[in-house]
Each structure stands twice: as structure tokens, then as C-alpha cells.
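Fold and geometry: a report
Now for the letters of each chain:
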Amino acid sequence: MSNKLILVLNCGSSSLKGAVLDNGSGEVLLSCLAEKLNLSDAYITFKVNGEKHKVELAAKPDHTGAVEALMDELKKQGLDSNIAAVGHRVVSGGELYSESIVITEEVIAGIEKCIPLAPLHNPANLLGIRAAQNIFQGLPNVAVFDTAFHQSIPEHAYTYAVPRELYRKYGLRRYGFHGTSYRFVADEAARFLGKDKNSLRMVIAHLGNGASIAAVANGECKDTSMGLTPLEGLVMGTRSGDVDPSIFSFLEQNANMSINQITDLLNKKSGLLGISELSNDCRTIEEEAGKGHEGAKLALEIFAYRLAKYAASMAVAAGGLDALVFTGGIGENSDIIRGKVLAYLGFLGLTEDKEANLKARFGNAGIITSADSKASAVVIPTNEELMIAQDTARLSGL
Ligand code: ADP
């Protein structure tokens, strides 16, 4: 093995996702997922050559223990000495970072400064960074921010219509998320369509468990649906997306709920789950809707309707629409959601090609509108790990 390898880490408060990519081919040689961190039954699952195995982290059930177990596994596989750099997904870079950056003590202080904007995620990202610095000593570490791509959004799009002082004092504004995915998908879509990204007006929908949509024109982000937090915008697996903010006082007065309880309800019990009263998983909802379940049918319709409404508004931000791009688990696989969205957007000159829509699934990219459509709709699989690995390699001089 002579190729240089990049380790990509994505830390949550109780989880750690890792992937080792070949810097030349982009191939994933090993991936892992540590779960239940900080509980006594924490474990890490490795996937190598299509085979999975699990290692208990009982002796050290935290982020450091997980990175140590990862190092042990890399040694076992003979991959450790080829790791040349570590890339970290960092959720919020606030207004400090509009690009990926090599991690120094100053950058760590910057990520700490952004903790109020991502109170659950940034501290976990920092744990991953510290663990990697200790265990992969001497290697460059690179931070790739979820918010960075959105830093080009103009002031009139990121400013909430609340007293300006709140922005000046607390940084209260819209930041957006999923930026790494948008950057990757915008490039891929332009390549797939054979167009110059600097003359394309795109609306890109990243539809996973969390879902958002962004306007990208001339290669720059112009607006996005997630805001100060990932709660704003589209209907998601368990998040409500946009609601009337007066829901807080309404539920406080009528249901005797606290701010924390309502925040929890909007983040974890709403969206597809809350409407369907079944599941947050789009596959389950589609199956049950197919059998006539009313809640599941309504959940799909609301999801698609909100998405179409947002897509049309994002065409305003992009200054027009050349391509509507679907990505993320739902965007890459659900012909049902895509078909509904295209039907709502017929007035923008998009006409579904039903056969092409059915085919563009399971990792296959494809144009899903008919040849005479005024704008194209296209399915492009995202690959955030590859984008992080590419930034990491470039900034590490590999
Ligand atoms: P995450 O945001 O956790 O990375 P993903 O991008 O993996 O999530 O997307 C998960 C969502 O994609 C789930 O709602 C899942 O049901 C949906 N999904 C995956 N495969 C399909 C499919 N074949 N048809 C419809 N939805 C799918």
C-alpha cells in the first residue's frame, strides 16, 4: 500500500463516524461508527471489505476510546502508517470561517467561540479533534465546516426581521447547514449536466433525516432554508421546520409546556413522525401510505408541498432556475417525493420523465425531467466524506 490515506471524522455528542479514504481514488477502505459514547455499553462497529465487526469500548467508552479503537483496527489492517491527514466535520464555524482550514490552537479557540451556535455539536467536534491530535500525533488536522458554504448568502437573506441589536450582540442570524453536501453536489451537478457551474442557477434539496434546500448561482450559495439552528425550513424526519413562533406561547398557555419541552417536541417528535404518528423514516411512510394509511399519506403530501413551495422561493434567490437537484437519502431514492414535487412545480416548466425518475435510485444519478422541460431536475448522490477528504488533502499539501 503506497497511496496516502485520509481519515475523516464526524463526531456527535454520543457517536463518532469515521472513514478512511484513498487520496488517489477516493475509495473508502474502512468505515466505522461508534455509538452510545459515555455510556458503559458503548461500542464501535467497523466495516472493512464489506465485512462488519463490533468492538466493545467498555474500558474507555468515550470519544478518545473510540479513536484509540480505530487506531488499533487500522494497525490490524496495516493501514495506520499510510494515514497522512485527518479531516473533521465541524458543524458551526459561525461568521469566522467561510472555508475549510488547517486546525491550529487559534482555530480551536474559534470553534469554541462558535459553541453557542451549535451547543451540542461543536463540543463533540472538539473532542474528536483533541483525540485525533493525541492519537495520530504529528498529522495535520483540517476542519471542514457545515456552515462555510453559506457564508456567501447576502445580508438581506440571512437577517431575521427582529431588532438588529440581537445580531450585533449575540450573532442572531441565519447560518444554514449541510454546506459541505451542497458544495459537493453543486460541482457534481454542473459536471453531470455538462455545464459551467459559474453560469448555472440551481436549487438543491438535501433530503436526509434532516432536510434543507439551497439556492446556488454562479457557484455561490445565495440562500438556504435552515437558519440559526437546523429547525427552520422544510418538514424533516422528526423536525417540524417552519412553524408560527407563537406556538411557544400557545402551548405554554394551553398545554402547560415549558420552552425546553416545546423545543424538544419541535425537534424530535414532529415532522414525518409527528404527522404520520408512525415513523420518521420515509421508506416506512411510503410503504404505509401505499397501503392507505391516512397519516402516512398526509405526511408525504405535506413534505412534498412544503419542499415545492420552498424550491419556488429559492428560484427567486437564484435569480431563475436552470436545474433542481435532489440529494440525500430521500432525494436520491424517493421517486414518490420527487414526482410530487415536480407536479407542484409544473408551472416553472419542469415536466417529470416518469421512467427516468424510477431509474434514478440507489446511487444512480440521472436527469428526471423530459427533454422539452424548460429547466432540468436531476438526482445527484452526495458524498460529504469525499468532500472533507479532498479539502483535507489539499490543505495538507498532499
Ligand atoms: P442522514 O441525514 O441521517 O444522513 P440519509 O441521507 O441517510 O440521512 O437519509 C435518510 C432518509 O432517507 C430516511 O428517511 C430514509 O427512509 C430515506 N430513504 C433511504 N432509502 C430510501 C428509499 N429507497 N426510498 C425512500 N426513502 C429512502
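Residues numbered from 1 in each chain as written. Predicted model: local features only at pLDDT ≥ 70, side-chain atom pairs only at ≥ 80, totals over all residues. Heavy atoms only, no water.

This next bit is on empty space enclosed by the protein. The full count for this structure, using the stated rule, is one cavity of 30 Å³ or more. A volume near 40 Å³ is recorded for the largest cavity. Every residue lining the largest cavity is listed: Y158, T159, Y160, V162, P163, R164, L166, Y167, L172 and R173. (1 Å grid on protein atoms, 1.4 Å probe; cavity = no way out; pocket = protein on both sides within 12 Å on 5 of 7 lines; lining within 4 Å. Points joined across faces, edges and corners; volume = space filled by probe spheres on them.)

Quick look at helix 3 (residues 121-135) now. For an α-helix the count is 3.6 residues per turn, leaving residues at separations of three or four pointing the same way. With 15 residues, helix 3 should reach 21 Å at 1.5 Å per residue; the first-to-last C-alpha distance of 21 Å fits that figure. Those residues of helix 3 not exposed but buried are N122, A124, N125, L126, G128, I129, A131, A132 and I135. Turning to helix 3, the residues buried within the fold contact strand 1 (5-11), helix 1 (63-76), strand 6 (83-90), helix 2 (105-113) and strand 8 (141-145). (Helix = DSSP H or I, 4+ residues; strand = E, 2+ residues; numbered from the N terminus. Expected span 1.5 Å × (residues − 1). Buried < 20%, exposed > 50% of the residue type's maximum accessible area, 1.4 Å probe, protein only. Contact = heavy atoms within 4.5 Å.)

Glancing now at the nonpolar core. Among the nonpolar cores identified, the biggest contains 43 residues, and L207, I213, L307, L324 and V341 are the most heavily contacted of them. If you list the elements that add at least two residues to this core, you get strand 9 (201-207), strand 10 (211-217), helix 10 (282-290), helix 11 (294-318), strand 12 (323-327), helix 13 (335-344) and strand 14 (376-379). Sort the elements by how many residues they give to this core and helix 11 lands first, with 12 residues. (Core = buried A, V, L, I, M, F, W, Y, C linked by side-chain atoms within 4.5 Å.)

As recorded in UniProt, the sites labelled "binding site: Mg(2+)" (unreviewed entry) are N10 and E384. Across 375 residues of sequence, these annotated residues stay compact in space, with a maximum C-alpha separation of 10.3 Å. Along the polypeptide, N10 turns up in strand 1. Look past the residues within four positions of N10 in its chain and what remains in contact with it is S15, L16, K17 and R89. Looking at the secondary structure, you find E384 in helix 15 (residues 384-395). Setting aside chain neighbours within four positions, we find E384 in contact with T180, S181 and H206. (UniProt positions renumbered as here; feature names shortened; annotations may be inferred.)

Pairing within the open sheet is mixed, and its six strands lie in the order 11-10-9-12-14-13. The sheet terminates laterally at strand 11 (220-224) and strand 13 (366-367), the two strands that pair on one side only. The pairing of strand 9 with strand 12 spans five bridges and is classified as parallel. Bridge pairing in strand 12 places V203 opposite L324. Across the sheet, helix 6 (residues 179-193) touches strand 9, strand 10, strand 11, strand 12, strand 13 and strand 14, and the angle it forms with strand 9 is around 125°. (Pairing = 2+ DSSP bridges. Axes fitted to C-alpha atoms, helices over the stretch in contact; angles between N-to-C directions.)

Turning our attention to a nonpolar patch on the surface. On the surface, a nonpolar cluster with roughly 280 Å² of combined accessible area is contributed by V162, L166 and Y170. According to the relative accessible area criterion, V162 is partly exposed, its value standing at 37%. (Patch = residues over 30% accessible without salt bridge, like charges linked within 9 Å, V, L, I, M, F, W, Y side chains within 5 Å. Areas by Shrake-Rupley, 256 points an atom, 1.4 Å probe, with all protein chains shown as cover. Salt bridge = Lys/Arg side-chain N within 4 Å of Asp/Glu carboxyl O.)

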